[in-house]
Amino acid sequence: MAQPQSGPGTSRRSFLRNVGLTGGAGTMLATMGALGLAPTAEAAQREQPFRAPQPGDFTLTGRGAAKVVIVGGGIAGLASAYELGKAGYDCTVLEARGRTGGRNFTVRGGDATTDLHGTTQTARFSDGQYMNCGPARIPQWMITLDYCRELGVPIEVFTNVNADAYLFNESAGMKKPVRYRTAKADVYGYVSELLAKATDKGALDKELTATDRERLVEFLKDWGELGDKLTYEGGERRGYTTVPAAAGTPGVLLGDVPSASDVLASGVGRYFSFEFGFDQAMLMFQPVGGMDQIPRALTRAIGEHRIRTGAVVSKITDKGSGVSVTYTQGGRTKVIDADYCVGALPPNILARIPHNLGSGVQSALEAITPSSAAKIGLEYRSRWWELDHHIYGGITETDQDVTHIWHPSYGFHGARGVMIGYYNYGGDADSYAELTPKEREKRAVAAGVKIYGEKYRTELASSFSHHWRQTPHLEAAWHNTPGGPDDVRYKSLNEPTGRVYFAGDWLSYTDAWQHGAFTSARKAVTALHTRVLSA
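Residues numbered from 1 in each chain as written. Predicted model: local features only at pLDDT ≥ 70, side-chain atom pairs only at ≥ 80, totals over all residues. Heavy atoms only, no water.

Under an unreviewed UniProt entry, the protein chain has the name Flavin monoamine oxidase and belongs to Streptomyces olivochromogenes. What UniProt records for the protein chain under Cofactor (unreviewed entry) is the sentence "FAD". (UniProt positions renumbered as here; feature names shortened; annotations may be inferred.)

Another aspect to go through is the overall build of the protein chain. In terms of helices and strands, the protein chain carries 17 helices and 26 strands. A principal-axis box enclosing the C-alpha atoms of the protein chain has dimensions of 90 × 65 × 45 Å. Across the 535 residues in the protein chain, those meeting the buried criterion constitute 51%. The contacts of the protein chain with a sequence gap of at least 6 include a subset with a gap of at least 24, amounting to 68%. (Helix = DSSP H or I, 4+ residues; strand = E, 2+ residues; numbered from the N terminus. Buried < 20%, exposed > 50% of the residue type's maximum accessible area, 1.4 Å probe, protein only. Contact = heavy atoms within 4.5 Å.)

This next bit is on the UniProt feature "domain: Amine oxidase" (unreviewed entry) in the protein chain. Per the UniProt annotation, the sites labelled "domain: Amine oxidase" (unreviewed entry) are residues 75-528. Note that residues 75-528 is 30% helix and 24% strand, and that its end C-alpha atoms are spaced 18 Å apart.

Quick look at the domain arrangement of the protein chain now. By domain assignment, the protein chain separates into domain 1 (67-101 + 293-368 + 485-534), domain 2 (106-140 + 160-165 + 284-290 + 373-470) and domain 3 (173-266). Using C-alpha coordinates to define each centre, domain 1 is positioned 32 Å away from domain 2. Counting residues at the interface gives 5 residues for domain 1 and 10 residues for domain 2. Here domain 1 packs against domain 2, burying approximately 600 Å² in sum over the two surfaces, 59% of which is carbon and sulfur. The largest per-residue losses of area from domain 1 upon contact with domain 2 belong to Gln293, Trp513 and Gln514, which jointly make up 65% of the total buried on that side. Seen at the junction of domain 1 and domain 2, the total is 0 salt bridges. Remark: the boundary between domain 1 and domain 2 carries 1 residue pair in polar contact (both at pLDDT 80 or more). Here the side of domain 1 that touches domain 2 is composed, by residue class, of 2 nonpolar, 2 polar and 1 charged. (Domains from an automatic or database assignment. Buried area = accessible area lost by both parts, 1.4 Å probe. Salt bridge = Lys/Arg side-chain N within 4 Å of Asp/Glu carboxyl O. Polar contact = N/O pair within 3.5 Å; in protein donor to acceptor, adjacent residues only side chain to side chain. Nonpolar A, V, L, I, M, F, W, Y, C, P; charged D, E, K, R; others polar.)

All right, on to the side chain of glutamate 379 then. Residue placement: glutamate 379 occurs in strand S20 (residues 373-380). Here serine 126 takes part through its side chain, which lies 2.4 Å from a polar atom of the side chain of glutamate 379. Excluding residues within four positions of it along the chain, glutamate 379 makes contact with Arg124, Phe125, Ser126, Gln129, Arg416, Gly417, Val418, Glu459, Leu460, Ala461 and Ser462.

A word on the state of the cysteines. The full count for this structure, using the stated rule, is 0 disulfides. For the unlinked cysteine cysteine 133, the closest cysteine sulfur is that of cysteine 148, found at 18 Å. Residue class for cysteine 133 comes out buried when judged on its relative accessible area of 3%. Cysteine cysteine 341 is unpaired, with the sulfur of cysteine 91 as its nearest cysteine sulfur at 11 Å. The buried category is assigned to cysteine 341, whose relative accessible area is 0%. (Disulfide = S-S within 2.5 Å.)

UniProt annotation of "binding site: FAD" (unreviewed entry) refers to Glu95, Ala96, Gly134, Pro135, Ala136, Arg137 and Val313 when read in the numbering used here. Across 219 residues, the annotated set is spatially dispersed, with a maximum C-alpha separation of 30.6 Å. Tracing the chain through its elements places alanine 96 in the loop between strand S2 (90-95) and strand S3 (106-108). Setting aside residues no more than four positions away along its own chain, alanine 96 makes contact with Gly310, Ala311, Val312 and His473.

Glancing now at helix H7 (residues 210-223). With 14 residues, H7 extends 20 Å between its outermost C-alpha atoms, agreeing within 8% with the 20 Å of an ideal straight helix rising 1.5 Å per residue. The first or second residue beyond H7 is glutamate 225, which carries a positive phi of 55°. (Expected span 1.5 Å × (residues − 1).)

Once that is clear, we can look at the side chain of threonine 182. Locating threonine 182 in the fold gives a position in helix H6 (residues 180-200). What makes threonine 182 buried here is its relative accessible area of 4%. Apart from residues no more than four positions distant in its own chain, threonine 182 is found in contact with Arg238 and Leu254.

Taken in spatial order, the 3 strands of this open sheet run S7-S13-S8, and their pairing is antiparallel. Looking at which strands have only one partner, the edges of the open sheet turn out to be strand S7 (138-139) and strand S8 (155-158). Bridge analysis of S8 against strand S13 (residues 284-287) gives 4 bridges, and the strand direction is antiparallel. Its bridge partner being in S13, phenylalanine 158 is matched across the sheet by methionine 284. (Pairing = 2+ DSSP bridges.)

A cluster of nonpolar side chains, Val157, Met282 and Leu283, forms an exposed patch at the surface whose accessible area comes to about 210 Å². Structurally, the position occupied by leucine 283 is in the loop between helix H8 (260-266) and S13. (Patch = residues over 30% accessible without salt bridge, like charges linked within 9 Å, V, L, I, M, F, W, Y side chains within 5 Å. Areas by Shrake-Rupley, 256 points an atom, 1.4 Å probe, with all protein chains shown as cover.)

On to the sheet that holds strand S18 (residues 340-343), then. An order of S14-S2-S1-S18-S26 is seen for the 5 strands of this open sheet, with the pairing classed as parallel. Each having just a single partner strand, strand S14 (307-309) and strand S26 (500-502) make up the two edges of the open sheet. Pairs of neighbouring strands in the sheet enclose a mean axial angle of 20°, with direction left out of account. Seen against the sheet, helix H4 (residues 75-85) touches strand S1 (67-71), S2, S14 and S18 and runs at an angle of roughly 165° to S1. (Axes fitted to C-alpha atoms, helices over the stretch in contact; angles between N-to-C directions.)

So, on to the pattern of salt bridges. Applying the stated rule across the entire model yields 26 salt bridges. Aspartate 292 serves as the salt-bridge partner of arginine 108, at 2.7 Å between the closest nitrogen and oxygen. Placement of arginine 108 in strand S3 and of aspartate 292 in the loop between S13 and helix H9 (293-302) is noted, with a sequence separation of 184 residues between them. Both residues of the pair, arginine 108 and aspartate 292, belong to the buried class. One network of salt bridges, with partners in common, ties together Glu83, Lys86 and Glu150.

Take H6 next. Relative to the 30 Å expected for 21 residues at 1.5 Å per residue, H6 spans 30 Å between its end C-alpha atoms, a close match to the ideal helical length. Directly after H6, the chain includes glycine 202, whose backbone phi takes a positive value near 90°.

To continue, consider the confidence of the model for the protein chain. Caution applies to low-pLDDT regions: their predicted coordinates should not be interpreted in detail. Per-residue confidence for the protein chain gives a mean pLDDT of 92, with 91% of residues at or over 70. In this model residues 1-13 is a low-confidence stretch, pLDDT under 50, and it forms 12 contacts with partners more than four residues away in sequence or in other chains. Predicted confidence is poor over residues 15-30, with pLDDT under 50, and the contacts of this stretch with residues over four places away or in other chains come to 32 contacts. (pLDDT = per-residue confidence, 0-100.)

Our next topic: the environment of glutamate 459. Positionally, glutamate 459 belongs in the loop between helix H15 (455-458) and strand S24 (460-467). In this structure the C-alpha to C-alpha distance between glutamate 459 and leucine 378, which are 81 residues apart in sequence, comes to 9.9 Å. Beyond its immediate chain neighbours, meaning those up to four positions away, glutamate 459 contacts Glu379, Tyr380, Arg381, Ser382 and Trp384. For glutamate 459, the side chain forms a polar contact with the side chain of serine 382, separated by 2.9 Å.

Structure follows, in structure tokens:
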């Protein structure tokens with residue numbers, strides 16, 4: 001059979017239509033993929049630069065956009081609706097809670113929550129103050145920042161590591177906190193000294209050449225601030241008791257350098273690997289005004305009329321030619337029919353929804369288990385950590401059950417501020433979850449007083465605590481996916497089951513990050529769109 005030709009006077013659209021007429025939809029789709037106009041089947045199965053669906057895809061194929069129901073209005077669900085909407089898909093998002101965003105949840109004054117135990121809290125934060133109960137920071141390599149740019153969400157720096165924040169390991173016998181910079185200087189200094197001396201005494205002769213050893217020692221002298229005798233004696237990296245100032249005030253170095261044994265015994269060295277983590281290294285960012293600016297922007301872009309909040313899904317049925325989803329809203333049971341469905345709820349919630357998708361889907365959902373995490377926001381009448389401790393942003397680390405204490409990375413030099421009094425997980429989070437909100441506040445403040453002193457208690461204005469395992473319709477902070485998302489047991493979730501697709505950070509290698517939700521949504525969108533174009 002003669003193949004259609006594309007001459008000088010033939011448009012690309014006409015050419016593609018001719019390909020479709022002579023070779024069928026499959027041949028045309030492959031041709032579109034070769035021209036970069038549509039994702040190929042191969043591209044849909046491997047990592048490729050994401051190409052958002054476009055209205056022109058349907059103009060070229062002569063097909064129309066499908067109707068899609070998206071179960072879950074978290075980041076994965078919203079991203080799915082947003083990207084499909086670019087091509088004109090008729091999307092409806094069903095969200096059980098009264099707001100979109102899922103675990104992206106920012107609390108401001110007047111916001112109220114009721115947990116699974118029926119306990120209601122209402123935040124009393126003052127104007128301009130907030131706490132991000134879920135995600136709170138964004139590494140610069142994550143596509144979350146691409147969406148901030150695309151959606152017009154302004155960002156600012158989130159201070160993940162601060163040399164002037166504190167470290168405090170009570171169980172190691174520490175009586176008072178030590179500055180991050182001081183602990184780091186001591187650990188790096190003594191490690192450098194020990195390694196330099198071992199090198200100097202020939203301990204590494206079999207491993208290194210003479211030139212290698214010389215270069216290593218020079219590096220260690222700089223890295224650990226060692227003296228000419230390869231000894232660590234402290235220095236300006238540890239800090240000052242009197243900082244350098246005008247003439248006559250050269251500064252007084254921080255004294256009382258502990259021994260190498262004491263530094264190692266304190267356990268502070270275990271915190272420094274944190275800053276090297278690929279997903280934790282500075283610079284990091286946050287949306288101006290709260291992390292929920294992202295789902296708010298997505299909601300506006302999708303269109304609020306396409307999102308039904310307070311819609312609790314009770315059944316998902318694949319009918320072969322379409323999908324039917326049953327839900328309750330406002331006390332009434334409703335059914336929505338669509339061509340396709342994207343399941344973007346947490347797996348522990350999806351596993352409880354009746355469906356006809358088979359045992360493979362059910363066992364895969366049940367294999368992914370929820371994890372605990374919690375935060376408490378403490379609003380203070382003054383920013384005493386800036387005034388008295390000269391700490392601007394960053395995180396204090398401790399072996400107490402509060403785990404992490406965050407100084408706010410916004411509102412510097414303002415009248416008030418909200419500190420995250422604990423960000424903990426696992427058993428520590430669960431133990432706080434058993435307490436009343438007031439008991440949580442008391443316990444968190446008692447831990448903070450040991451580090452910062454009495455102002456941690458006396459300047460407190462209000463608090464708000466949030467525990468994800470107690471949050472209705474979510475019941476998890478993140479998830480444990482044994483074997484990783486590509487494990488064979490999750491095959492039925494990574495591929496469509498009938499006309500149902502799945503998306504969520506729990507189907508990514510960046511679980512607990514919005515990046516994972518966005519990339520998983522893109523994967524589902526690409527697969528669904530490819531299928532519609534080739535149907």
